[in-house]
Structures are given as structure tokens and as C-alpha cells.
Amino acid sequence: WAFMAIVPPLFMTRKVNIGLIGAGTAGGGVLRALRRNGALMTSRLGARLRVGRVAVQNLKKKRDFKVAKGVLTADWKSVVNDPKIDLVVELIGGTTIAKDVVLAALRVGKPVVTANKALLAFHGEKLFAAAEKSGANLYYEASVAGGVPIIKVIREALVGNRVTHLFGILNGTCNFILTKMKEGMDFDIAVKLAQQQGYAEADPCLDVDGHDAAHKVGILASLAHGFWVKPKEVYTEGITHITPLDLEFAGTLGYAIKLLGIVKTSKAGSVQVSMYPALVPDDHVLANVSDVYNGILVRGDVVGDTLHYGQGAGPDATASAVLSDIGDAVLDLKHGSTDRLKAFIPHESNGAVRQIGETTSCYYLRLSVLDRPGVLAKVSAILAKNKIGISSVTQPEGHEGGSVPLILMLHYAKNAAMTKALKAIQKLSSVKTKPVMIRVESLE
């Protein structure tokens, strides 16, 4: 597990020993990627890379990679505290032991690479403070959007821009499920297919309820706007209430439905940070991001719109991002500086997240109503009372039974007004099931 390229000796000024914590799907992917391209990285970085120690939970478990005798250990502390280890890579996930690993490494002055979005979402401020205090650095490209280098884009490429808007498809599992539902598959069947193909966990709630993606959009919003956004401040909805019928109607109206992370500035100075399903215009690139792929639109006040697309999950996508961070860490170690790019800079420490009720959207509204005169008039009266205008009404034919779908496209209104109207509409005796409301994002 030592990698050496044939390059002039002048550049062989440093050997970097890597301590890997976790060798499951992500960790195994990193080890395989290093074996494949370690020599290439050595030639590009001018430093030799060596995997010195690997901490795993079960030493007896069969693995699809080989390491030298004595490299594997069940004691992560022995890896972090090994004086020969220069760089720690945390890939175990979770927010308990992983936090201990990262903090322990930073305390002894060792830089850390992590792919752990939940850890950053819940404990980012504490980890960044520990990195600042120790003088070591924390790298986390793989925490958002897998192989799409969106962290580097916001931190470095767009450093001269104010990010006014960000729209992101950040959860490959949900995007896969919505893609299959658009093809006519029921939600439950699409979830099972995602599990069979390894995209969804046995318990898919973290994905389908929107929380995994919400962690990611919170991290992006924090980087873009310079104040740390806590998970509880990110308004979050999942996709469990979406049906193939909604995707069909959305398509008829010229839209696709995507679970969309949204970061928007406002004239009031606060920032909307949300994760919810949204109707996206069919002719926009993001509407055509399918299956497990991620897509992110970032709008800067200088550059305008930039689009970023790629695999958002999987061992190879994660490994690519981890190797990118290893490269940055190695260069910092080689040149003896961590000040080039700090983990997080709170340049707008007084920033605030805008409450969802104060944000404004257009809306898609699907009701299941009794097919009798006067129903639309009652619904329209409630919407008008809350100052919500109707742009179009569709009542498809051919639906049998006691109730029929009624689809309304609504003009811009505050979320608070829409919430109030929905409560009143649901109380109507002619409305038979809970209304389905999906926001519309024009992406303009």
C-alpha cells in the first residue's frame, strides 16, 4: 500500500502516511481508488502516499481488498495516536464515534478528511472550532453530492461571487424513486427497487423524508452565506406524499417533480434554506437529471448561472471526492500551512435563516373532491380570502367513484397564507382526502 511514481527526486520531498477509520462501502472504495491511482496522485502532488493503518469494527470480516499484515486494527484510537500517521480519513458515518474520531485527530494536530454530512450538519461549528484551535484542517468535499465537487466550487471557484440562489437535487435515492414513479411505478415498489439495487437503506426514512438531503443543503447554505445553518432551521419535506398521479399531472402542465434543496437570498437580508419537492419546468436542465444522479444550479452575482452534474452517491463517487480532499491535505502538509483554505470562515456571522412562512412560491394543489356543483366555488372563496390567485384549473375526466381529482395552479403567495388556506380547504365536507400541495420553482 505504498504508491510511488517515477518522477524527478526533487519532488519527492514528503511521504504522507494515511490512517483510515472505516473500511466499509466508502472506505473500501477509497482503498481501491488509491491502489488504482495512487501513483498518479504521487506524480501530481509531488508526495508519496501510503495507507499506514486501517481501523475496522470486525477484523474477521471478509473484504474485497488486501492490506499488509499489521495494517488492520479494531482500535481507532491507536490509528489517530500513531505518531507515524500524518492524515486521518473518517469514513464510518454516524454522529457519535465519528465525532470522537474527528475531534481526537484534530486535538493532536492531524488534518482530517470526512464524508460525513450528518456529522457536519449537527456538529460542524464544534468541529471547525477544534480545527481552528489546533491549527489542523478539516476537509469535507465528499459530504455533499458525492463525486460532484460542489464544496470546492463554492469555497474556491466562486470566492468572488455572492451566491444569490442555489437549487440542488442532492439525494440520488429520492431522484431514482421519482424517476421510476414518473414511469408509472407506485412509491412503495420504487422504494423496494431502490433497496434491491443498493441505493436505499433497509429503513429508507432518512432519504424519503428529506433529512439526508436537508443536511447537505444546510452545509452548502452555510458555506455560501458565511454563517452556520443548524439542521432544525432547514425547512424539510420528503416525497412520501407524492403519487404517480402528481407526476403525470405535472408532466401535462409542463413540469417535472424533483426533491429540491433551495437557498435564496431576500431583500430582507435573511436566507431561505429549504428542502422540499418542487415542480421544475420541463425545459430546464435540472428537470432532466434522472435516476441516482445529482444536479446543482449555483447563481452568482458576477458569474450568473453555473450547473454541476454527476453521480451523487456510491463508493466510486465518494472515493473520488475523498481523494480530492486527500490531495488538498497533502499539499497543505507538504508546504507546512493550513491557512490557505480554512475549514469554514464565518464571514457573515450575523446571518439568519428566513422562516418558511415568510417565503413566497407558486403552488400546485391537488384535491380529491366530490363531483358536484359548487365545490370549486367554495375552494376558490377560501383561496381568495387568503389573497391567493388561481392561474389554472384542471379536472380530468374518466375518474370513477365518489370523488375526482381537482388540480389547481396558484399564483405567488406567502407560505403562511397557503398553510392557512389548506387548513380551511381540508375542513370542507366535499374534500375527501388531505390536499396535496407542491411548490413550483421557476428557477429564474
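Quick caveat: nothing in here was measured; it's all calculated off a predicted structure.

(A) Up close: the overall build of the protein chain. When its secondary structure is counted, the protein chain shows 13 helices and 17 strands. Relative to a compact globule of 444 residues, whose C-alpha radius of gyration would be 22 Å, the protein chain shows 24 Å and is just as compact. Across its three principal directions, the C-alpha atoms of the protein chain cover 85 × 45 × 35 Å. Across the 444 residues in the protein chain, those meeting the buried criterion constitute 54%. Considering only intrachain contacts with a sequence separation of at least 6, the fraction spanning at least 24 residues in the protein chain is 75%. Accessible area for the protein chain stands at about 20300 Å²; split by element, carbon and sulfur atoms hold 52% of it. The positive charge centre, built from 52 side chains, and the negative charge centre, built from 39, are 7 Å apart in the protein chain.

(B) Seen up close, the nonpolar core. Ranked by size, the top nonpolar core spans 83 residues in total, and within it Leu138, Tyr140, Ile150, Ile177 and Ile239 carry the most contacts. Looking at this core, the element that brings in the most residues is helix α9 (residues 211–225), giving eight residues. What leucine 138 contacts, discounting residues up to four positions off in sequence, is Val102, Val112, Thr114, Leu120, Leu127, Phe128, Ala131 and Ala343.

(C) Representation of the pairing of strand β8 (residues 163–169) within the structure. Of all seven residues making up β8, six are buried, and the element is well covered by its neighbours. Pairing of β8 with strand β12 (residues 293–300) involves six bridges; the strand directions are antiparallel. Counterpart to valine 163 in the pairing with β12 is glycine 300. One ladder, built from four bridges, connects β8 with strand β10 (residues 255–265); its direction is antiparallel. Looking at β10, one finds that phenylalanine 167 is bridged to isoleucine 262.

(D) Structural detail: the packing of aromatic side chains. With the rule as written, the count across this model stands at six aromatic pairs. Where phenylalanine 128 meets tryptophan 228, the ring centres are 5.3 Å apart and the plane angle is 80°; that geometry is what we call edge-to-face. Residue phenylalanine 128 is located in helix α4 (residues 117–134), and its partner tryptophan 228 is located in the loop between α9 and β9 (235–236); the two are separated by 100 residues in the primary sequence. For the pair shown, phenylalanine 128 and tryptophan 228 are each scored as buried. Ring geometry for phenylalanine 128 against phenylalanine 344: centres 5.5 Å apart, planes inclined by 20°, an arrangement best described as stacked. Here phenylalanine 344 lies in the loop between α11 (315–335) and β14 (360–370) and phenylalanine 128 lies in helix α4, a separation of 216 residues in the sequence. A relative accessible area of 15% places phenylalanine 344 in the buried class. Through a chain of ring-to-ring contacts, the aromatic side chains of Phe128, Tyr140, Trp228 and Phe344 assemble into a single cluster. Residue placement shows arginine 439 over the ring face of tyrosine 276; its charged tip is 4.5 Å from the ring centre.

Rules of the game
Residues numbered from 1 in each chain as written. Predicted model: local features only at pLDDT ≥ 70, side-chain atom pairs only at ≥ 80, totals over all residues. Heavy atoms only, no water. Helix = DSSP H or I, 4+ residues; strand = E, 2+ residues; numbered from the N terminus. Rg over C-alpha atoms; globule rule 2.2 N^0.38 Å. Buried < 20%, exposed > 50% of the residue type's maximum accessible area, 1.4 Å probe, protein only. Contact = heavy atoms within 4.5 Å. Areas by Shrake-Rupley, 256 points an atom, 1.4 Å probe, with all protein chains shown as cover. Lys, Arg positive; Asp, Glu negative; His and termini not counted. Charge placed at Lys NZ, Arg CZ, Asp CG, Glu CD. Core = buried A, V, L, I, M, F, W, Y, C linked by side-chain atoms within 4.5 Å. Pairing = 2+ DSSP bridges. Phe/Tyr/Trp six-rings, centres within 6.5 Å; stacked < 30°, edge-to-face > 60°. Lys NZ or Arg CZ within 6 Å of the ring centre and 35° of its normal.

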